[in-house]
Amino acid sequence: MIKKILLIISLLFLFSCTLFNQDKVVLIYKEAWINLYQSTNKDLSIIDVYLNDAWVSFWMVNSSTWKLSIEYEKSNSINERFYRFYPKDLQVWSDNKVFAMVNWQFFNALKNPTFLSFPVKSNGKIISSYVDNDLTKRTLIIDKNENLKMLEWYDKSELLKWENKELIVAFKPNVEASNADKVGRSYIWIKWEKNIIFFIAKNKTQAEMDKIIFDYWITENNVIMMDWWPSAQFGYFDNWFKSFYWEWEVPHYNLIYRKWIK
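Trainee: What is the right way to read the packing of aromatic side chains from this model?
Mentor: To describe a pair of aromatic rings, you give the distance between the ring centres and the angle between the ring planes. Applying the stated rule across the entire model yields 10 aromatic pairs. Taking 5.5 Å as the distance between ring centres and 45° as the angle between the ring planes, the aromatic pair formed by Trp55 and Tyr257 counts as tilted. Remark: Tyr257 occurs in strand β16 (residues 253-258) and Trp55 occurs in strand β4 (residues 54-60); sequence separation between them is 202 residues. Residue classification places Trp55 among the partly exposed residues on the basis of a relative accessible area of 26%. Between the aromatic rings of Phe118 and Phe171, the centroid separation amounts to 5.2 Å while the plane-to-plane angle is 85°, which identifies the pairing as edge-to-face. You can see Phe118 sitting in the loop between β5 (98-103) and β6 (120-122) and its partner Phe171 sitting in strand β10 (residues 164-171), a full 53 residues away along the chain. Taken as a pair, Phe118 and Phe171 share a single burial class, namely buried. Feature note: the residues Tyr29, Trp33, Phe99, Phe234 and Tyr236 constitute an aromatic cluster, connected by ring pairs.

Trainee: Is there a simple way to explain the pairing of β10 in this structure?
Mentor: On a regular strand, one side chain projects to one face of the sheet and the next to the other, so that they alternate. Across the 8 residues of β10, 8 count as buried, placing the element largely inside the fold. Across 7 bridges, strand β8 (residues 137-143) lies against β10 in antiparallel orientation. What sits directly across from Arg138, in β10, is Ala170.

Trainee: Whenever I open this one, the sheet that holds strand β15 (residues 240-244) confuses me. Can you help?
Mentor: By definition, the strands of a sheet pair up through backbone hydrogen bonds, in either a parallel or an antiparallel sense. Here 5 strands make up an open sheet; going across it, the order is β4-β16-β5-β14-β15 and the pairing antiparallel. Here the strands that pair on one side only, and so sit at the sheet edges, are β4 and β15. Mean inter-strand twist for the sheet, computed between neighbouring axes without regard to direction, equals 20°. In terms of strand pairing, strand β14 (residues 234-238) meets β15 through 5 bridges, oriented antiparallel. Opposite Phe234, over in β15, you have Phe244 as the bridge partner.

Trainee: Would you mind showing me how to read helix α4 (residues 206-214) here?
Mentor: Think of an α-helix as turning once every 3.6 residues; residues three or four places apart then point the same way. Of the residues making up α4, those classed as buried are Gln206, Met209, Asp210, Ile212 and Ile213. Seen along its axis, α4 keeps its buried residues to an arc of 155°; they face one direction.

Trainee: For this particular structure, what's the right way to read the nonpolar core?
Mentor: In summary, soluble globular proteins display a tendency toward joint burial of nonpolar side chains. Ranked by size, the top nonpolar core spans 65 residues in total, and within it Ile47, Val49, Leu140, Phe198, Phe199 and Ile256 carry the most contacts. Counting residues per element, this core draws most heavily on strand β12 (residues 195-204), at 6 residues. When neighbours within four sequence positions are excluded, Ile256 is seen to be in contact with Trp33, Ile34, Ile47, Val49, Trp55, Val56, Val98, Phe99, Ala100, Val102 and Phe198. If you look at the next biggest cluster of nonpolar residues, it comprises 8 residues, including Met60, Phe85, Phe107 and Val250.

Trainee: Sorry, what's going on with the side chain of Ser128 here?
Mentor: Counting through the fold element by element, Ser128 comes out in strand β7 (residues 125-128). With a relative accessible area of 1%, Ser128 lands in the buried category. From its side chain, Ser128 meets the backbone nitrogen of Tyr130 in a polar contact 3.4 Å long.

Trainee: What am I meant to see in the confidence of the model for the chain here?
Mentor: Close inspection of predicted coordinates is inappropriate in any region flagged by low pLDDT. Averaged over all residues, the pLDDT of the chain equals 79, while 80% of them reach at least 70. pLDDT under 50 marks residues 14-22. Its contacts with residues more than four places away, or in other chains, come to 14 contacts. Counted against residues more than four places away or in other chains, residues 64-75, with its pLDDT under 50, gives 23 contacts.

Trainee: Help me understand the side chain of Asp210 in this model?
Mentor: Topologically, Asp210 is positioned in helix α4. The residues touching Asp210, leaving out its near neighbours within four places in the chain, are Pro173 and Tyr187.

Trainee: Would you explain the pattern of salt bridges in this entry?
Mentor: Opposite charge on two side chains permits pairing when their charged atoms draw close. Under the counting rule described, the total for this entry stands at 6 salt bridges. Here Glu152 and Arg138 are joined by a salt bridge, their closest N and O atoms 2.8 Å apart. Pair noted here: Glu152 is in the loop between β9 (148-151) and α3 (157-160) and Arg138 is in strand β8, with a separation of 14 residues, a long-range link. The class of Arg138 is buried, set by a relative accessible area of 3%. Of the charged contacts, one joins Glu146 and Lys165 as a salt bridge, the two residues approaching to 2.4 Å between their closest N and O atoms.

Trainee: Is there a simple way to think about unusual backbone geometry in this case?
Mentor: Most peptide bonds adopt trans geometry, and most residues besides glycine take a negative phi value. Between Asn112 and Pro113 the backbone carries a cis peptide bond, its omega angle lying at 10°. Mapped onto the elements of the fold, Pro113 is located in the loop between β5 and β6. The phi angle at Asn203 is positive, at roughly 55°, despite the residue not being glycine. Judged by its relative accessible area of 38%, Asn203 falls in the partly exposed class.

What counts, and at which threshold
Residues numbered from 1 in each chain as written. Predicted model: local features only at pLDDT ≥ 70, side-chain atom pairs only at ≥ 80, totals over all residues. Heavy atoms only, no water. Phe/Tyr/Trp six-rings, centres within 6.5 Å; stacked < 30°, edge-to-face > 60°. Helix = DSSP H or I, 4+ residues; strand = E, 2+ residues; numbered from the N terminus. Buried < 20%, exposed > 50% of the residue type's maximum accessible area, 1.4 Å probe, protein only. Pairing = 2+ DSSP bridges. Axes fitted to C-alpha atoms, helices over the stretch in contact; angles between N-to-C directions. Arc of directions from axis to C-beta. Core = buried A, V, L, I, M, F, W, Y, C linked by side-chain atoms within 4.5 Å. Contact = heavy atoms within 4.5 Å. Polar contact = N/O pair within 3.5 Å; in protein donor to acceptor, adjacent residues only side chain to side chain. pLDDT = per-residue confidence, 0-100. Salt bridge = Lys/Arg side-chain N within 4 Å of Asp/Glu carboxyl O.

The structure is reproduced here in structure tokens:
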């Protein structure tokens, strides 16, 4: 019964998208653990991931100088430098588990290596605790049981909690973010505690991106606003690597991969 209800909701979800977008959103890839939808003009992509059968890792970065001891963390802010790279250049695709990489972080685009603007923790390891601004934040967490939750704030104590396996920080959707500029944008929605959905779009104002989210009957409470501008991009592997929305080196990606191999 629950599966039927979720199927009906998913169909309504897609139908509503076609109402506000001239380009129909269609399912282009499906497995038990993931659905990938794209508009026919490829300007909108939706990655729907089920954590019962998939993992999401927040730390696809490249740095050789991490200082990650708990003693260091208690007294200092980790402000490491991370090398920028294209997802297609990594060898992670060769293990046959990796499906997609989605950019997350804000960073200094004039530097390579560069710092990450927000804290990151993954697989129980603190990658960065640095924060470079005082704008209103949200925190997205995947705990040790692969359950999702969203906090209306950021506090460094969340990084030190052993039960928080994966943690990232970004903005509420109402934070002004180059409002009128048509740029790449990406949001994450927690649909339920085991279901995380990525929205990545090309050339949208903030109002247009908000409309995409809100027309899916999504409230602001379960959405976190990721990076925008050229770094809003993703790539996925299905027989060969496919990249969307921009070819730009960035320092940090979310990694989406299978728990099981057929």
